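Each chain is listed here by its residues.
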Amino acid sequence: MTIKRFTPAQRGFHLLLMLSFLVQSATGVGRMYAETGFGQTLLVPFGGFHGALTVHKWVGIFMLILFGVHLIYLAGVFVYSGKKAVFGPDSILPGPGDVRPALAHIGWMLGLKNHPRFERWAYWEKFDYWAVFWGMVIIGGTGLILYSPLASSRIMPGWVANVSFWVHRIEAILAMGHVFIIHFAVGHLRRKHFPMDKAIFTGYAGLNATRSEKQAWIDRLEKEDRLKNMTGDEASVPTRAAAYTVGFLAILTGLYILVGGLINARNITW
């Protein structure tokens, strides 16, 4: 038995963001490590050093457009659902109510407390979601400045491009570190989800696993008599196979970039 966790729109946004983020990571890291065999290997699928820059720019524009479309999507959700979408129990907006479960979760990990009763979105899921927003603002803003440094220098001092370059690079490294270490570990390597949480690809999660982790959400759905309308059978074998294939390829690509970057960090000119 499964429960619906993500809508087709949510899954679509995640898939496009995941693929574009991996392309940006590979092209950006490949150019940064172009003096090494690791970096040159990353650049091969994109036509080398200069080809990777072209891909990096166009995919960067695509990510900004995707971000804009997502903002329109959020506005539509707000218009359709009203304040409930922002302040209701299904909201992904962080609030004071997340503090106690987060502290209790830390206590549980230390063996001091019982497992907290999470709602539909736990505190780490909300952090992951909103981290994309400030990442888009910082990386996207500096990326637009760097898209054409000569054009940018006509309307702002030259040092702005230099600062933007380092801010862009540092924020990108932080984003990759978070996704390839924390997000991968929390999303896929925990005992209840190992070896991969396929819910973001299929839309459905195991009901028993969800009940044990998000008891408050399941209890609310039962109280509102909505649970039976949100449950269903396991996804088909082809759907699960596709989810595992895409998911594992993404994880392996991210880990390759992470490990290769760490191993070769001393072999590049910063």
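Reference entry: report on the structure contained in this document.

1. Comments concerning helix H12 (residues 237-263)
Then, in step 1: Given a rise of 1.5 Å per residue, 27 residues ought to cover 39 Å, and the 38 Å separating the end C-alpha atoms of H12 matches this to within 8%.
Then, in step 2: Where H12 is buried, its residues contact helix H1 (8-32), helix H2 (37-43), helix H8 (158-189) and helix H9 (199-202).

2. A few points about the packing of H1 against H12
Then, in step 1: Between H1 and H12, the least distance of the axes is 11 Å, while the angle of their chain directions is 25°. Classified by the interaxial angle, the pair formed by H1 and H12 is roughly parallel. Relative to H12, H1 is oriented so that their crossing is left-handed. Taking contact as the criterion, the partners of Leu15, Met18, Leu22, Ser25, Ala26 and Val29 in H1 are, on H12, Val246, Ala250, Thr253, Gly254 and Ile257.

3. What about helix H11 (residues 215-223)?
Then, in step 1: Those residues of H11 that sit buried are Ala216, Trp217, Ile218, Arg220 and Leu221.
Then, in step 2: Packed against the buried residues of H11 are strand S1 (2-4) and helix H10 (207-213).

4. Overview of the packing of H8 against H12
Then, in step 1: One way to put it is that H8 packs onto H12 with a least axis distance of 10 Å and a crossing angle of 140°. Taken together, H8 and H12 sit at an angle that is classed as oblique. Handedness of the H8/H12 crossing: left-handed. In contact with Met176, Phe180, Ile181, Phe184 and His188 of H8, H12 contributes Ala250, Ile251, Gly254, Leu255, Ile257 and Leu258.
Then, in step 2: Classifying every residue of the contact of H8 with H12 by side-chain character gives nine nonpolar, two polar and no charged.

5. Here we look at the side chain of Ser152
Then, in step 1: The topology assignment puts Ser152 in helix H7 (residues 149-153).
Then, in step 2: Those residues within four positions of Ser152 in sequence are excluded, and the remaining contacts are Leu144 and Ile145.

6. Some thoughts on the environment of Ile3
Then, in step 1: Note that Ile3 resides in strand S1.
Then, in step 2: For the pair Ile3 and Lys228, spaced 225 residues apart in the sequence, the C-alpha separation amounts to 8.9 Å.
Then, in step 3: When residues no more than four places from it in sequence are discounted, the contact partners of Ile3 are Gly203, Tyr204, Ala205, Leu207, Thr210, Trp217, Ile218, Leu221, Leu227, Met230 and Thr231.

7. Topic: the pattern of salt bridges
Then, in step 1: The final tally for this structure, using the stated rule, is eleven salt bridges.
Then, in step 2: Residue Lys126 is joined to Asp98 by a salt bridge in which the shortest nitrogen-to-oxygen separation is 3.0 Å. In this pair, Lys126 sits in helix H6 (residues 123-147) while Asp98 sits in the loop between helix H4 (83-87) and helix H5 (99-109), placing the two residues 28 residues apart along the sequence. In this structure, Lys126 and Asp98 share a single accessibility class: buried.
Then, in step 3: Here Glu222 and Arg211 are joined by a salt bridge, their closest N and O atoms 3.2 Å apart. Placement of Glu222 in helix H11 and of Arg211 in helix H10 is noted, with a sequence separation of eleven residues between them.
Then, in step 4: Taking relative accessible area as the criterion, Glu222 reaches 39% and is therefore assigned partly exposed.
Then, in step 5: Classification of Arg211 by relative accessible area gives partly exposed; the value is 26%.

Rules used in this analysis
- Residues numbered from 1 in each chain as written.
- Predicted model: local features only at pLDDT ≥ 70, side-chain atom pairs only at ≥ 80, totals over all residues.
- Heavy atoms only, no water.
- Helix = DSSP H or I, 4+ residues; strand = E, 2+ residues; numbered from the N terminus.
- Expected span 1.5 Å × (residues − 1).
- Contact = heavy atoms within 4.5 Å.
- Axes fitted to C-alpha atoms, helices over the stretch in contact; angles between N-to-C directions.
- Parallel < 35°, antiparallel > 145°, perpendicular 65-115°, else oblique.
- Left-handed = near helix turned anticlockwise from the far one by under 90°.
- Buried < 20%, exposed > 50% of the residue type's maximum accessible area, 1.4 Å probe, protein only.
- Nonpolar A, V, L, I, M, F, W, Y, C, P; charged D, E, K, R; others polar.
- Salt bridge = Lys/Arg side-chain N within 4 Å of Asp/Glu carboxyl O.

In short, geometric facts, not functional conclusions.
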